[in-house]
Structures are given as structure tokens and as C-alpha cells.
Amino acid sequence: MSDTLEPKDYEVIHVLLIEPTGEEDQFSLGDLLNRFPGEQLQVDRVDTVDGGLEKLKAGLPDVILVDLDTLDGRVEETIGRLVSASPTAPTIALVELSGENQGVEAVKYGAFDYLVKEQVTGPLVSHSVRHIVRCKRLLNEYDNHRAHMQAVMEAHTNALKRANLRLQQEIEERKLAEESEHRQRLLSESLRDITSCLLSSTDLKDIYRRILAGLKSVFPHDAANIMLVDADEVHVVGCLGYDQVGSSDEQMLKISYDLSALTGLLKMAGEGTPQIFNDVREDPDWLEDPKSSWIRSYAGAPIRVGDEVIGFLNLDSVRPDTFTLEHGLLLQTFADQAAIAIRNARLYQELEHYSIALQQAVDEATREAWEARDRIEVVFNSVGEGLVVLDLNKLIQRVNPALEALTGYPAADVVGLAYRLLLPKTELVEKQLSQVSEKIGSQGTWSGEFPFRRKNGTVFDAAVTVNPLKGPAGQPLGYVVSLRDISGYKELQHMKDTFLSTAAHELRTPLTAVQGFSEILLTRQLTEERKTVYLKMINEQAVRVSKIIDDLLDVSRLESGQGMTINAETFDLCRMIREAVHPFIETSKIHEYRFEFPTDPLMVCGDPFRLGQVINNLVSNATKYSPDGGQITIEAAPVDDHVEVAVQDEGFGISPIEQQHIFEKFYRADAAESTAGGTGLGLTIARLIVEMHEGKIWVDSREGQGSRFIFTVPQAES
């Protein structure tokens, strides 16, 4: 602490004492202080406040002691005047013990402290005065120091304010520079994104979306749209932000305008430059529309492809004065890039549409070609005749399923091999091949019969046609060979020839007899007895002819299922068999007919007339094929739910090969051809009748040991 602030014991303290002059017995601080001169207090005493104020004008004391009795109750006013006149010297109020509240009031109005007169002594006063002076000096010094510090702080504050102002200016300048750099970067990124559209996207909707997204990051606006020109109208093809301003992106995409009604767009289209509307409500060129009443400012730029304006890039804002000329120039840059992207996408779409149309045409032609190929393939695979495709080297290229079935060769086994694989290896075949090759060479085609060999080694006759296979320009590619198995046909022809020969022979014999006997009756004189004999013979031969004709008709009806019905009834099969066999017993004297039947009647369900035919045919065959006589046994017995009937003889017997064909029409065993007559239809008729009764018929025979024919018919329900 400074020495000037701390009063020394030897220092004289100048005291201004204001107290009234009183009676002799009244307390006087002046008298008290004068009694202690050693306290180094220099007291300058006055009895009024005004007198004290005059003293203060001459010089400031170190301390002011004022007796409140001199104030006449005007504490606030008097204390205020003294403090104002001597702001550096502390003012101490002197109060009676009974008036201590006045001391508190004096301190309230500016007094530094107060002393109770009844409690003070000389040393206490000196000490208090020195302490108060010290405190006051400290306070004064503090006030001076604080004032100095305030001045310093104000100076520093002003300097800081100036520095802060400069810093704010620099920050603002830096911020503007950064914002400008940021805008330039966003512009560069957006333009790069649009350029990327040129390389990566051909979808117009995607291009519109990316352009609008780029605008959002660069320009201050609330909504944006892209309009394209179509004849005399403009249509919104892309938009962004209208959902947030009380409108609708979806509704915007449905909007179209007459271009002639939009002065601003017409001006852009004519001049090819951007347009700015700072406040659309004050611009006469703005088209008022309730749907866009929220718009206050607008910026637009034409989308140009060469000299043609194909559309407009539009920015809308809810605030006036949003856009500047710089915004318009930047927006034009966006519009120019957008024009390139839109043009390329349109060109790509046109190319894609052309490509699609071309692809559709190719697909249609390919489909038709495949359909034609499929039709040919279906015909090739479904035709009943065998087909073989040969190349010019006469190697097999393809065969159809019919040929596989005819020869037994799968296609995989013959494709790529020579066609001679399918032919038998004989000198006759080689000679025929030579003749066929000559005719194909001279005539280009050949038809005829030719033998073919199956995979199992068997040979069959085929009707063959060979035609050349030619390309679109008529160039020879190979041959197509069609073949049809005619083995069955030739066998049928053989059977027909055999039948005609047999039928002619069978009919000629009775007809010759009829002709001869009738001629005798017509040309000779005969007795009545002889006439009767001849007429009986004629009748027998007529019956024989009728039997032959009936057999032919029965086979035809049974095979076709027309004109032949089964009149089913329940009857005793054993009785019917006995009746059917009885004529043979009467006419054949060299055969013994034996029946093996159960004792009880054997009831069956069927047509007794037709089943009688079966018995008749079987017994007739048994009789004819055992010309030396012998025993013929007819058996009948129930087996499960049907009846099994057997006719057994002791004749020639039938070979295993002949047994495979014995029930075919016109077929006759070798032994029968030389010893027995007939048309060869009896067993065929028997088979067909049994099958119509849902039964079965078969033969069990050995050559030289006779034959056993068995058939089944259903039992009658009990």
C-alpha cells in the first residue's frame, strides 16, 4: 500500500469541526480534542454548516466532523451539501445517544460514518478519525484507480471494438468470398452432374430430376420447373418444390399453356436470353394465374438447341427481389447444359424406338420363320411315312420318328452314316440301287418299291419316293427319301389273292354242280325220283354257296361293328353245344364226338345263335383237319366267373408259326390247303364273336398230335 494512503502517527490530521457553541455543561468535541494535543489533530471549528462550507472553499480538510444538532433536522440536505463540497474528505456525523437513528440516516445520505458523542474519548476520537481518514483515502484511491481502470478499459474496449469491426468486415468479406466460392462449387458440381447425365442417363425423367436437384443447390428459390415447347403450347415436364408452397408437383405436371399468352416466355424465345421478374405483381408482362398467386419473383432461361428454343427453365420464389442478373446468367448456363442432355436423351429415345421397331420387325420375321420351321418340324415329325434327309454325299442328316419306328434305329445311331446302313446287302439290292441312281440323275426324282432292313435284321418292303432337296437359290443340297412299309399291304394283297382263288374255287365247285344238274334237268327226260335227287343236290350246293357268302358278310359286320348285334340272354350252354354238334354226329361216320360236361346245367349270359356259330366253326375245323377220323372232344366247365369251352381233335396239328396267324382272316394252315376246303374265315368269325362277349379264344396244338381250341364266355349271374 502507498505511504500516502496510511496516515502516520506524527502526521497532523486537519479536522473541520462543525458544532454549535453551547452551554458550559454541554458536550463539546472541540474542547475534548483540545485536551489531547498529543493526538496531532489540527481542529478548525465553526458553529454553522454555512461557515463550514466557507471553510471548505479555502481548502479541503482531511476529515469533516459535523454535529447533527446544527442541522435543525435537515440531515439529507446538509449532508448532501457537505459531501458535494468535499468529495475526498470523509464526513462524520456526531449524534446524541438518544438520536442514533439520525446517524444511520446521515450515513444513508452520504456520511462516511457516525460517532455517539457520549461514547467518545480523546484517544478514541483520534483513532477513529485516523481510521476513517485512512479508509476514505483508500476509497478515494480506489475510486481514482477504478476511474483510471475504467478509462483504460474504455480505451481497450474502443480498440477492441475497432478491431472487432475490422474483423467483422474481414469475416463478412471472407464469408462473401466463401459464399461466392461455394456457389461456384455448387454450380460446377451441378453442371458436372448435368454433364454426367449426358454420359450416363438417357431417361428424360431422370434428367429432369437431376437438373432440378442441381438448381436447388445453387439458386435461392422455392420451386422450379422445366417446360418444353410442343407446337404453340408449353407443357410442364418436370418440377420440384411445389408441394411445399401450397401447390402440387402432381398438378403442375398436368399444366400446359398457350405460348402466345406468356409474354415473358415469348420474349425469352425471341431474344434467347434469360428474364428476371423482381416483383411479378408489378410487372405487366406477368400472366396472372390463381394457381400461381403465391409467386412474387421469377427467373427463367430459354433451353436452346442451336437456334431453336425447345423449352424453358423456370425458378419461382415467394419473396420479391430474390433473383439478380448474375442468377439469370448462371441459370442460362444451366439451361444450355440441360438442352444438350435433353437433346441427347431425345435422340437416344428416337434411336431406341427405331431399334425397338426394328427388333420387333426382326422378331416378327424370326417368329414367322420359327413358326414355319416349327410347322415343317411338326409335319416332319408327325407324318406317318418314314423320312430320311441325305446330303449330297448321301450321308444321313435327319430321320423322323416314323422312320425310327419302321427300322428300329434311333436317330442318334444313324445320323452322319451312309444310307446303305438301312438296306439289305444283296446283289439284287446293289443292282436296284444302280438303276435308281441312273433315274434320279436323269429325271431328278424316283418312286418305286425297295427292300429295307430293320435294326433286328428283318427285311420289309417299302414304297419309296426320292426327291431332290434344294436351297433358296435352287442349288442342290441333298435328297429327301420317304418310305412306307407295304409289307402288310402286300400280305393283304396276297391274302386277297388267296381268298379270291379260294372263294372262286369254293364257289366254282357248288356252282358247277348247280349248273350241271340244272342243265341235266333242262335237257333230259328224267323220272320224278331222279329229278328229286338232282334238285336235292342243287339245293345242297346252293346252301353251301349261301354259307360262303354268310361267312364273308359276318366278318365284314363283326369287324366294322355295324349290322351285327349281340342278343344276350341266359341259357344252358351244354344243351346249346349238344344241339350244335348233332348235325356233325349225323353226317360224319368216321368221327366219335364225346362231351365232357358237368351234371348240372351250365348257365351263361350271351347270344345262343352267335355262340352256336363259334361251336359250329370249331367242330367243323376239328372234323375237316382230322380226315382219318378219330375222337373229337367238347368240354365245358366253370372257371371263376366265366365258363371255359374246349374243342379238341386228333388231326394234323398246327405249327407254332401258324398258331400266330391262325385267327387272321383268309389265313389257312398249310395242311388245310391240300386237304380241307373253306374260305379261311371260320376262326376269324369265332374270334370276333367271343370278343364281343368279352371273352378270350386261343389254341394249344402240336404238329401231328391234334389241336385244342379254347374260348371263354361269362357266367350268368345267380
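1. Some details on the overall build of the protein
Scanning the protein from terminus to terminus reveals 19 helices and 23 strands. Burial statistics for the protein: of 718 residues in total, 39% are counted as buried. Across the protein, every contact between residues at least 6 apart in sequence was considered, and the portion connecting residues at least 24 apart equals 61%. For the protein, the accessible surface area stands at approximately 40900 Å², while carbon and sulfur atoms represent 52% of it.

2. Focus on helix 3 (residues 75–85)
Turning to helix 3, its buried residues are Val75, Thr78, Ile79 and Leu82. Along the axis of helix 3, the buried residues cluster in a sector spanning 95°; they form a single face.

3. Let's talk about the pairing of strand 23 (residues 707–714)
For a regular strand, side chains alternate in direction, first toward one face of the sheet and then toward the other. Counting buried positions over the eight residues of strand 23 gives six, a clear majority of the element. Pairing between strand 21 (residues 642–648) and strand 23: seven bridges, direction antiparallel. Residue pairing for strand 23: Glu644 is matched across the bridge by Thr712. Bridge count between strand 22 (residues 697–701) and strand 23: five bridges; the pairing is antiparallel. Bridging from a neighbouring strand, Trp698 pairs with Ile710 of strand 23.

4. A closer look at the layout of surface pockets
Space inside the second largest pocket adds up to approximately 340 Å³. Along the wall of the second largest pocket there are 18 residues; nearest its centre are Leu390, Tyr419, Leu433, Val466 and Val481. Among the secondary structure elements, those contributing two or more residues to the lining of the second largest pocket are strand 12 (386–391), helix 12 (427–443), strand 14 (446–453), strand 15 (459–470) and strand 16 (476–485). Looking at which element gives the most residues to the lining of the second largest pocket, the answer is helix 12, with five residues.

5. Some words on the sheet that holds strand 9 (residues 275–277)
Read across the open sheet, the six strands follow the order 8-7-6-11-10-9; overall the sheet is antiparallel. Whereas interior strands pair on both sides, the edge strands pair on one side only; in this sheet they are strand 8 (256–258) and strand 9. Within this sheet the neighbouring strands show an average axis-to-axis angle of 25°, counted without direction. Seen against the sheet, helix 8 (residues 263–271) touches strand 6 (223–230), strand 7 (233–240), strand 9, strand 10 (297–305) and strand 11 (308–317) and runs at an angle of roughly 135° to strand 11.

6. A look at the packing of helix 2 (residues 49–58) against helix 3
With their axes 10 Å apart at the nearest point, helix 2 and helix 3 run at an angle of 10° to one another. The angle between the axes of helix 2 and helix 3 places the two elements in the roughly parallel class. For the pair helix 2 and helix 3, the contacting residues are Val49, Asp50, Leu53 and Leu56 in the first and Thr78, Arg81, Leu82 and Ala85 in the second. Across the contact of helix 2 with helix 3, the residue classes break down as five nonpolar, one polar and two charged.

7. Quick notes on helix 12
The end-to-end C-alpha distance of helix 12, which contains 17 residues, comes to 24 Å, matching closely the 24 Å that a straight helix rising 1.5 Å per residue would cover. Looking only at helix 12, the buried set comprises Val429, Leu433, Val436 and Ile440. Seen along its axis, helix 12 keeps its buried residues to an arc of 65°; they face one direction. Those residues of helix 12 that are exposed and aimed more than 90 degrees away from the buried face are Glu427, Leu428, Lys431, Glu438, Gly441 and Ser442.

8. Describing a nonpolar patch on the surface
A surface patch of nonpolar side chains, amounting to about 410 Å² of accessible area, comprises Leu351, Tyr354, Leu358 and Val362. Within the secondary structure, Val362 is located in helix 9 (residues 325–382).

9. Structural notes on the nonpolar core
Residues Leu573, Ile577, Ile615, Val619, Ile634, Val645 and Phe711 are the most contacted members of the largest nonpolar core, which totals 38 residues. Of all the secondary-structure elements, those providing two or more residues to this core are helix 15 (573–587), helix 16 (608–624), strand 20 (630–639), strand 21, helix 19 (682–692), strand 22 and strand 23. Here this core takes seven residues from helix 15, the largest share from any one element. Residues contacting Leu573, with those up to four places away along its chain left out, are Leu602, Val604, Val643, Val645 and Val713. Grouped together as the second largest cluster of nonpolar side chains are 27 residues, Ile207, Ile303, Phe334 and Ala341 included.

10. As for a negative patch on the surface
Negative charge collects at one region of the surface, where Asp230, Asp232, Glu233 and Asp258 lie side by side. Mapped onto the secondary structure, Glu233 falls in strand 7.

11. So, the pattern of salt bridges
This structure, assessed with the given rule, holds 21 salt bridges. Here Arg45 and Glu19 are joined by a salt bridge, their closest N and O atoms 3.3 Å apart. Placement of the pair is Arg45 in strand 2 (residues 41–46) and Glu19 in the loop between strand 1 (13–18) and helix 1 (29–34), with a sequence separation of 26 residues. A salt bridge links Asp206 to Arg209, with the shortest nitrogen-to-oxygen separation between them at 2.5 Å. With Asp206 and Arg209 both in helix 6 (residues 204–218) and three residues apart, the pair spans about one turn of that helix. Several salt bridges share partner residues, and in doing so they unite Asp206, Arg209 and Arg210 into one network.

12. Thoughts on the sheet that holds strand 3 (residues 63–67)
Read from one edge to the other, the open sheet built from five strands follows the order 2-1-3-4-5, with strand pairing classed as parallel. A single partner strand is all that each edge strand has here, and the edge strands are strand 2 and strand 5 (113–116). Taken over all neighbouring pairs, the strand axes of this sheet differ in orientation by 25° on average, direction set aside. Bridging between strand 4 (residues 91–95) and strand 5 involves four bridges; their strand directions are parallel.

13. A short note on the packing of helix 6 against helix 9
Axis separation between helix 6 and helix 9 bottoms out at 10 Å; the angle between their running directions is 170°. When the axes of helix 6 and helix 9 are compared, the pair comes out roughly antiparallel. Listed contacts from helix 9 to Leu204, Ile207, Tyr208, Ile211, Gly214, Leu215 and Val218 of helix 6 are Leu331, Phe334, Ala338, Ala341, Ile342, Ala345, Arg346 and Gln349. A class-by-class count of the residues in the contact of helix 6 with helix 9 yields 12 nonpolar, two polar and one charged.

14. Brief notes about the confidence of the model for the protein
Overall, the prediction assigns the protein a mean pLDDT of 81, with 83% of residues at 70 or greater. Within the protein, helix 18 (residues 670–675) has the poorest average pLDDT of any element, 48, and strand 21 the best, 95. Low pLDDT, under 50, characterises residues 1–6; the predicted model gives this stretch 10 contacts beyond four residues in sequence or across chains. When the criterion is pLDDT under 50, residues 671–675 qualifies, and its contacts beyond four places in sequence or with other chains add up to four contacts.

Definitions and cut-offs
As a convention, each chain's residues are numbered from 1 in the sequence order in which they are written. Note on the predicted model: pLDDT of at least 70 is required for a residue's local features to be given, and 80 or more for side-chain atom pairs to be given and counted; whole-chain, interface and lining totals, by contrast, use all residues. Neither water nor hydrogens contribute to the side-chain values; these are computed over all heavy atoms in the structure. Only runs of H or I of at least four residues qualify as helices and only runs of E of at least two qualify as strands under DSSP, and these elements are numbered from the N terminus. Burial classes: relative accessible area under 20% of the type maximum marks a residue as buried, over 50% as exposed, and values in between as partly exposed (1.4 Å probe, protein chains only). Whether two residues are in contact is decided by their heavy atoms, any of which lying within 4.5 Å being enough. The accessible surface values rely on the Shrake-Rupley method and a 1.4 Å probe; as for residues, cover is taken only from the protein chains in view. Read the arc as the range of directions from the helix axis to the C-beta atoms. Whether two strands pair depends on DSSP finding at least two bridges between them. Residues are called lining when one of their atoms sits within 4 Å of a cavity or pocket point, these points coming from a 1 Å grid over the protein atoms alone, where a cavity is a set in which a 1.4 Å probe fits but cannot get out and a pocket is an open set with protein on both sides within 12 Å along at least five of seven lines. Grid points are joined across faces, edges and corners, and a volume is the space filled by probe spheres set on the points. Angles run from 0 to 180 degrees between N-to-C directions of axes, and those axes are lines fitted to C-alpha atoms, restricted for helices to the stretch in contact. Angle categories: roughly parallel below 35 degrees, roughly antiparallel above 145, roughly perpendicular from 65 to 115, and oblique for all the rest. By the convention adopted, Pro, Cys, Tyr, Trp, Phe, Met, Ile, Leu, Val and Ala count as nonpolar, Lys, Arg, Asp and Glu as charged, and the other residues, Gly among them, as polar. Working rule for helices: expected span equals 1.5 Å times residues minus one. Here the term patch refers to residues with relative accessible area over 30% and no salt bridge, with like charges joined within 9 Å and nonpolar side chains (Val, Leu, Ile, Met, Phe, Trp, Tyr) within 5 Å. For this document, the term salt bridge refers to a Lys or Arg side-chain nitrogen within 4 Å of an Asp or Glu carboxyl oxygen. Throughout, nonpolar core names a set of buried Ala, Val, Leu, Ile, Met, Phe, Trp, Tyr and Cys residues whose side chains join them through atoms within 4.5 Å. We score Asp and Glu as negative and Lys and Arg as positive, and we do not count His or the chain ends. The atom standing in for a charge is NZ when the residue is Lys, CZ when it is Arg, CG when it is Asp and CD when it is Glu. You can read pLDDT as the predictor saying how much it trusts each residue, on a scale of 0 to 100.

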